[in-house]
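Chains, contacts and geometry: an overview
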Amino acid sequence: ETSIYAPNAVTPNGDGWNDTWQVIADSCWDMWEVRIYNRWGGVVWISTSSLDEWDADVATGVYVYTIKAIKYNPIEVYEMNGYISVFY
């Protein structure tokens, strides 16, 4: 069981609620990479820190994310993918 949670929606409309997208994870990961893709497969955001927040400066729609995280003591590789809906 892992301690990673990725929300499935973001509303970057400036109202102070859910304006950025961030993966919620503990700090035990030695390697971390999150990529977000548009519907054509183009990368729109890459993160190498679990503390980064995506400002979702893209068009309304559905985006795909991939997460790869690695721990070294003990060795654990975690991979996850899913969808993010961007609403304004």
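What comes next is a walk through the structure. Bear in mind the structure is a predicted one, so any value in this text is a computation, not a measurement. (Residues numbered from 1 in each chain as written. Predicted model: local features only at pLDDT ≥ 70, side-chain atom pairs only at ≥ 80, totals over all residues. Heavy atoms only, no water.)

**Concerning the sheet that holds strand β7 (residues 75-86)**
Basically, it comes down to this: Strands qualify as paired when DSSP identifies two bridges or more between them. Runs of H or I in DSSP of at least four residues are treated as helices and runs of E of at least two as strands, each being numbered from the N terminus.
Strand order in the open sheet formed by 5 strands is β2-β7-β6-β4-β5, with mixed pairing between adjacent strands. One side of each edge strand has no neighbouring strand; the edge strands of this open sheet are β2 (9-10) and β5 (43-47). Looking at chain direction, strand β4 (residues 31-37) and β5 are connected through 4 bridges and run antiparallel. When the bridges of β5 are listed, Arg 35 appears paired with Ile 46.

**Digging into a nonpolar patch on the surface**
Rules: Patch rule: a residue counts if its relative accessible area is over 30% and it has no salt bridge; like charges are joined within 9 Å, and nonpolar side chains (Val, Leu, Ile, Met, Phe, Trp, Tyr) within 5 Å. Calculation of accessible area relied on Shrake-Rupley with a 1.4 Å probe; when residues are assessed, cover is drawn exclusively from the protein chains displayed. Whenever Lys or Arg places a side-chain nitrogen within 4 Å of a carboxyl oxygen from Asp or Glu, that contact is recorded as a salt bridge. Burial classes: relative accessible area under 20% of the type maximum marks a residue as buried, over 50% as exposed, and values in between as partly exposed (1.4 Å probe, protein chains only).
A surface patch of nonpolar side chains, about 290 Å² in accessible area, is lined by Val 62, Val 64 and Tyr 83. With respect to the helices and strands, Tyr 83 occurs in strand β7. The class for Tyr 83 is exposed, based on a relative accessible area of 57%.

**Regarding the pattern of salt bridges**
Taken as a whole, this structure holds 2 salt bridges when the rule is applied. In this structure, the salt-bridge partner of Glu 33 is Arg 35, at a minimum N-O distance of 3.0 Å. A relative accessible area of 27% places Glu 33 in the partly exposed class. By relative accessible area, which is 25% here, Arg 35 ends up partly exposed.

**Things to note about the pairing of strand β6 (residues 61-72)**
Where β4 and β6 come together, 7 bridges link them in antiparallel fashion. Each bridged residue has a counterpart across the sheet, and for Glu 33 the counterpart in β6 is Lys 68. Relative to β7, β6 is paired through 12 bridges, and the arrangement is antiparallel. Each residue of the ladder has a partner; that of Lys 68, found in β7, is Glu 79. The antiparallel pairing of β6 with β7 creates a hairpin that spans 2 residues between the two strands.

**A look at the environment of Tyr 63**
Turning to its location among the elements, Tyr 63 is positioned in strand β6. Through-space distance from the C-alpha of Tyr 63 to that of Ser 50 is 19 Å; in sequence the pair is 13 residues apart.

**A word on the pairing of β7**
Relative to β7, β2 is paired through 2 bridges, and the arrangement is parallel. Paired with Val 10 across the two strands is Val 86, which belongs to β7.

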